[in-house]
Amino acid sequence: MAKALIAGGGIAGTITAIALHETGHEPVIHEAYDRTAEGVGAFLTLAVNGLDALAPLGLKDLVKDLGFDTPRIKMHLGNGRELADFALGGQLEDGTVSQTVLRSDLYVALRDEAVRRGIEVRYGKRLADARDTSGGVLATFEDGSSSEGDLLIGADGLRSRVREIIDPRAPSPRYVPLLNTGGLAEGLRLDDEPGVMHMTFGKRLFFAHVVHPDGGVWWFANVPRKQDPSQAELAAMTGDAWREHLIRQLAVDRTPAVEIVRATREVYRPWATYDFPSVPAWRTDRMVIIGDAAHATSPAAGQGAAMAIEDAVTLARCLRDVSSIPKALAAYEGLRRERVEAVVERGKRNGDAKAVGPVGRVIRDFFISRAFKNPPAEDPNAFMWRHRIDWEAPVS
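Being a predicted model, the structure only gives us computed values, none of them experimental.

Calculation criteria
Residues numbered from 1 in each chain as written. Predicted model: local features only at pLDDT ≥ 70, side-chain atom pairs only at ≥ 80, totals over all residues. Heavy atoms only, no water. Helix = DSSP H or I, 4+ residues; strand = E, 2+ residues; numbered from the N terminus. Rg over C-alpha atoms; globule rule 2.2 N^0.38 Å. Buried < 20%, exposed > 50% of the residue type's maximum accessible area, 1.4 Å probe, protein only. Contact = heavy atoms within 4.5 Å. Areas by Shrake-Rupley, 256 points an atom, 1.4 Å probe, with all protein chains shown as cover. Lys, Arg positive; Asp, Glu negative; His and termini not counted. Charge placed at Lys NZ, Arg CZ, Asp CG, Glu CD. Axes fitted to C-alpha atoms, helices over the stretch in contact; angles between N-to-C directions. Parallel < 35°, antiparallel > 145°, perpendicular 65-115°, else oblique. Left-handed = near helix turned anticlockwise from the far one by under 90°. Nonpolar A, V, L, I, M, F, W, Y, C, P; charged D, E, K, R; others polar. Pairing = 2+ DSSP bridges. Right-handed = clockwise from strand over helix to strand, strands pointing away. Polar contact = N/O pair within 3.5 Å; in protein donor to acceptor, adjacent residues only side chain to side chain. Expected span 1.5 Å × (residues − 1). Arc of directions from axis to C-beta. 1 Å grid on protein atoms, 1.4 Å probe; cavity = no way out; pocket = protein on both sides within 12 Å on 5 of 7 lines; lining within 4 Å. Points joined across faces, edges and corners; volume = space filled by probe spheres on them. Core = buried A, V, L, I, M, F, W, Y, C linked by side-chain atoms within 4.5 Å. Salt bridge = Lys/Arg side-chain N within 4 Å of Asp/Glu carboxyl O.

1. Points about the overall build of the chain
For the chain, the helix and strand inventory stands at 13 helices and 18 strands. For a compact globule of 396 residues, the expected C-alpha radius of gyration is about 21 Å, and the chain comes in at 21 Å, within 12% of that figure. Principal axes of the C-alpha set define a box for the chain whose edges measure 65 × 45 × 40 Å. Taken across its 396 residues, the chain has 53% of its residues classed as buried. A sequence separation of at least 24 residues applies to 73% of the contacts in the chain between residues at least 6 apart. Entry remark: accessible area of the chain is about 17500 Å², with carbon and sulfur atoms responsible for 49%. With 49 positive and 54 negative side-chain charges, the chain shows a spacing of 6 Å between the two charge centroids.

Put into structure tokens, the structure is as follows:
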């Protein structure tokens, strides 16, 4: 049995802890914040490959109870023209389809489940440094405390401290020239079928919305921005001024976007988009990074949470089956690197069409229209959601 120190108590870290606990190890989650993440964050759509990976951990039904089925997408241009109506990521053998869920609801449910299973969570433990010892790893935290274990797992996100410790020359995240925002509209009744994601390549913004079974409307928008914004600039994009800015950008399209934004009590403060084309070093003999710390992908891939889940399950299998921790971490990287880098690249391609100027938009709309009129025989995104992990199969 190995004692695994996990830096980061978000979705990636918590699922990793549960998966390791299932295989007989002793995970300890170290979360940087004193407070929890309840009520924080937007929503996400969890693809079926991520849901399938949760099944052997007994978590798939828990997640399905939190969200709602999102089986289809309708694509539109800003002039109101419908381009396509197709399945969103296929389905599992039992009929399970993609699920849309509030990120905070997912976090809270996973955290509570981890605690219920006896997994220790330590709050206010922001990682300061770590080093290999003769028999494991020693982690020190900004509050002056320390913890020893057999390995350290960095599930600490885009600005990962563990990534920096593993490789001080590690690349910085790549800015994708888009801001993200969204919200939950209430008291608005659209004729749309619940669970169908409507996505529009607008003249100025990419806008998506889906009707919840209770009638509410969940939406997000991507706002092109060439320069990587500072935190101060993002913090200033709030309140009525930010709402009216979005409405002006959306008003040029024939969509329900303006009325949706007006019916939203709180429009999310925007956040920037980043990805990692490749992170050269994922591990040492006793440290490893997972999830966004290793391979952040653009939201346009629709795979961020699913990739973190796949990482967690794969790492647990490797630590269950491989004879030593260094070999297990090497096996994990061997099983994951090629796949996640392909997903990051696909996400970049999907996102590029959202960040174009007036001339580029004309060209984009022309080629998008042709592409949907004559779709390829094979969905280029299919490799992402068709992936399955065999939990029972031993890792050689």
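Moving on from the coordinates now.
2. Things to note about the packing of helix α1 (residues 11–22) against helix α10 (residues 304–321)
Relative to each other, α1 and α10 sit at 30 degrees, their axes nearing to 9 Å. Considering their axes alone, α1 and α10 lie roughly parallel with respect to each other. For α1 against α10, the interelement crossing comes out right-handed. Every residue of α10 that contacts α1 at A12, I15, T16, A19 and L20 is listed here: A308, I309, A312, L315, A316 and L319. Across the contact of α1 with α10, the residue classes break down as 10 nonpolar, one polar and no charged.

3. Digging into the pairing of strand β1 (residues 3–7)
By the criterion of burial, β1 is predominantly enclosed, with four of the five residues buried. Pairing analysis gives five bridges linking β1 to strand β2 (residues 26–30), with the strands arranged parallel. Its bridge partner lying in β2, K3 is registered against E26. Chirality of the crossover, the property in question, places the unit of β1, α1 and β2 among those that are right-handed. Across four bridges, the pairing between β1 and strand β12 (residues 151–154) is parallel. Bridge assignment links A7 to a residue of β12, and that residue is G154.

4. Here we look at the side chain of Q303
Topologically, Q303 is positioned in the loop between α9 (292–295) and α10. Looking at Q303, its side chain comes within polar contact range of the side chain of N49, at 2.9 Å. For Q303, the contacting residues outside a window of four places in its chain are A47, N49, T297, R339, V343, M384 and W385.

5. Regarding helix α7 (residues 239–250)
The end-to-end C-alpha distance of α7, which contains 12 residues, comes to 17 Å, matching closely the 16 Å that a straight helix rising 1.5 Å per residue would cover. For α7, every residue scored as buried is listed here: W242, R243, L246, I247, Q249 and L250. Viewed end-on, α7 has its buried residues packed into an arc of 165 degrees, placing them on one side of the element. Along α7, the residues that are exposed and aim more than 90 degrees away from the buried face are D240 and A241. Among the structural elements, β13 (174–185), β15 (206–211), β16 (217–224) and α8 (257–262) are those in contact with the buried residues of α7.

6. With respect to the layout of surface pockets
The computed volume of the second largest pocket comes to approximately 150 Å³. In this structure, the second largest pocket is lined by G183, L184, E186, T264, R265, E266 and Y268. Its residues assigned to classes, the lining of the second largest pocket shows two nonpolar, two polar and three charged.

7. Quick look at the nonpolar core
Nonpolar side chains in soluble globular proteins tend to be buried together. The biggest cluster of nonpolar side chains holds 74 residues, and the ones touching the most others in it are L46, L152 and I153. The dominant element in this core, judged by the number of residues it contributes, is α10, at 11 residues. In this view, L152 contacts L5, A7, L127, A130, V137, V162, R286, M287 and V288; residues no more than four positions away in its chain are not counted. Counting 24 residues, the second-largest nonpolar core is a separate cluster that includes Y175, L188, W242 and A257.

8. Concerning the sheet that holds β1
With parallel pairing, five strands are arranged side by side in an open sheet as β8-β2-β1-β12-β18. The open sheet terminates on both sides in strands that have one partner only, identified here as β8 (120–122) and β18 (287–289). Going from strand to strand, the sheet's axes swing by 20 degrees on average, the running direction of each strand aside.

9. Re helix α4 (residues 103–116)
In a regular helix each residue adds 1.5 Å, so 14 residues correspond to 20 Å; α4 covers 20 Å between its end C-alpha atoms and thus fits that length. Considering only its buried residues, α4 is in contact with α1, β3 (43–46), α3 (60–66) and β7 (99–102).

10. Considerations on the side chain of T96
By the secondary structure assignment, T96 is in the loop between β6 (82–87) and β7. Judged by relative accessible area, which is 1%, T96 ranks as buried. Among the polar contacts made by the side chain of T96, one reaches the side chain of K64 at a distance of 3.3 Å. Of the polar contacts made by the side chain of T96, one reaches the side chain of D94; its length is 2.8 Å. When sequence neighbours within four positions are dropped, the list of residues in contact with T96 reads V48, L51, K60, K64, G90 and Q91.

11. Quick word on the environment of G80
Looking at where G80 falls in the secondary structure, it is placed in the loop between β5 (72–77) and β6. Sequence separation of G80 and G215 is 135 residues, and the distance between their C-alpha atoms is 22 Å.

12. Section: the pattern of salt bridges
Applying the stated rule across the entire model yields 22 salt bridges. Of the charged contacts, one joins D275 and R174 as a salt bridge, the two residues approaching to 2.8 Å between their closest N and O atoms. With D275 in strand β17 (residues 271–275) and R174 in strand β13, the pair connects residues that are 101 residues apart, well separated along the chain. With a relative accessible area of 0%, D275 lands in the buried category.

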